[in-house]
Amino acid sequence: MAVLLALCAAVCCSALQTVGAKLYSNRYEGDQVLRIIPSSHVEIQLLKQLFQNITVDFWQPSSTSFIHMGSSVDVHVGRNSTGRLKAHLQQTHIHYKVLIPNLQKEMEKQAGNRSSRKRRSEFQYDYEVYHPLEEIQSWMFEMNRTHPHLVDMFSIGWSYEGRPLYVLKLGNRKRLHKKAMWIDCGVHAREWIGPAFCQWFVREAVNSYLRDSSMRRLMNQLNIYIMPVFNVDGYHYSWKTDRFWRKTRSKNAKYHCRGVDANRNWKVKWCDEGASLHPCDDTYCGPFPESEPEVKAVARFLRKHRKHVKAYISIHAYAQMLLYPYSYKYATIPNFDCVETAAQNAVSALYSAYGVRYRYGPASTTLYVSSGSSIDWAYKNGIPYAFAFELRDTGYYGFLLPEALIGPTCMETMRAVRAIASGLLKKCTS
Ligand SMILES: [Zn+2]
């Protein structure tokens, strides 16, 4: 009970901090999020030139090189550049709209909603709010302590800044030689819905074990490894300093810019198309493959367990997509039929909850080409089902998905992940 009370105190405390004081020292006051919709190749070229002169934070896609026909570009623009950017867009007749007119206000509105929300119970962990790293870690200890027969907890290494990289192992411990599934969340720091989903998944798995026979079958026949926060340093930084931080926090010898894109740092076509060699870019691939201790730790763990691990799932946001290999090239994977069927089942299970539609397909054609990604690495290392989810939404709130949408988003995603997991228990013969 003492741990539970301490946990609750931490939760209450973090909610209170957001009242009154300016979040992130007011750094986003006047910043906007724009959706730019180029309608020709000429406009795309103009846009790329424009972004050489005006620095923006790319929300979707994650850099200029991914801008292509038929898709829009969501960017976060600093208050000093919004006027200039809009003037250029108007001059060149490139269509745009304002998604978020004042980023600081939007964040404060959401924080205000959070602190005014009535908490359910003194002793209950709230799965429908975002939690800082320390709370997520205390929660992991708590799940392990209260469900020792179903939840194991261990660390697979340390982050760049020396934080432990905790993983939970779910499953009935009595059976040996089980198939396994890996799920990671929070590879990109600002995608807060990811860690919220990982926690939701654990709660659902544990709570429904007794009353839901299909969940019981999953937990009896599978080991499910869950890493709620992959990029612990980045996630912590996104709470403390920069809400829109994406990368890890490693230092660079030559540049002042920090961090590597943990989804471009894997040893598979490393730093080829769709990754940047420049340390200041958000898609920086790092000085060498697995340079990031977080990536190295997960890669080492998966290599060690690859005989058993049949599915690798990485939870990202935002786009509402379910992606599978390849990311780095336009080619069809050998077991395409099995993977495509699994994706189809997952997406329709997801749709059955609230009617939210997800696009699905190979990452290269569905989203964009990117090299050094974790799904390609997992697939190349013998994991037959490798998926990346891009959760809600499609840009209305982007990375600032309100806490009121955590529940529905996690509920529907849970159905999709369960569909993939159930599929692993059957043999795919196509
Ligand atoms: Zn991501």
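Note: the structure precedes this text.
The present account deals with the structure reproduced in this document. Since we're looking at a predicted model, the values are computed, not measured. Numbering of residues starts from 1 in each chain and follows the order in which that chain's sequence is written. Given that the model is predicted, a residue must reach a pLDDT of at least 70 before its local features are reported, and side-chain atom pairs must reach 80 or more before they are shown or counted; all residues, however, enter totals for whole chains, interfaces and linings. Neither water nor hydrogens contribute to the side-chain values; these are computed over all heavy atoms in the structure.

**A closer look at the pairing of strand 12 (residues 385-391)**
The test is simple: The rule is simple: take the accessible area with a 1.4 Å probe, protein chains only, and divide by the maximum for that residue type; under 20% is buried, over 50% is exposed, in between is partly exposed. Working definition: helices are DSSP H or I runs of at least four residues, strands are E runs of at least two. Numbering for both runs from the N terminus. Should DSSP find at least two bridges between two strands, the strands are taken to pair.
Across the seven residues that make up strand 12, a large majority, seven, are buried. What you see with strand 12 is no split at all: Y385, F387, F389 and L391 on one side and A386, A388 and E390 on the other are buried throughout. Summarising the sheet, strand 9 (residues 309-317) and strand 12 pair through seven bridges and their orientation is parallel. When the sheet's bridge partners are listed, I315 is paired in strand 12 with F389. Relative to strand 12, strand 10 (residues 321-324) is paired through three bridges, and the arrangement is antiparallel. Along strand 12, the bridge assignment pairs L323 with A388.

**Looking at the packing of aromatic side chains**
Selection rule: Two rings from Phe, Tyr or Trp (for Trp, the six-membered ring) form a pair when their centres are within 6.5 Å of each other. A pair whose planes differ by under 30 degrees is stacked, one over 60 is edge-to-face, and the rest are tilted. We call a charge positioned over a ring when the NZ of a Lys or the CZ of an Arg lies within 6 Å of the ring centre and within 35 degrees of the ring normal.
Per the stated rule, a full pass over the model turns up 29 aromatic pairs. With centroids separated by 6.2 Å and ring planes inclined at 65°, the aromatic side chains of Y324 and F336 adopt a geometry described as edge-to-face. With Y324 in strand 10 and F336 in helix 10 (residues 336-354), this residue pair connects regions lying twelve residues apart in the sequence. Put simply, the rings of Y24, Y28, W59, F244, Y318 and F399 pair up and form one aromatic cluster. Over the ring of W200 we find R203; its NZ or CZ atom is 4.4 Å from the centre of that ring. Over the aromatic face of W192 sits the side chain of R243, whose NZ or CZ is 3.7 Å from the ring centroid.

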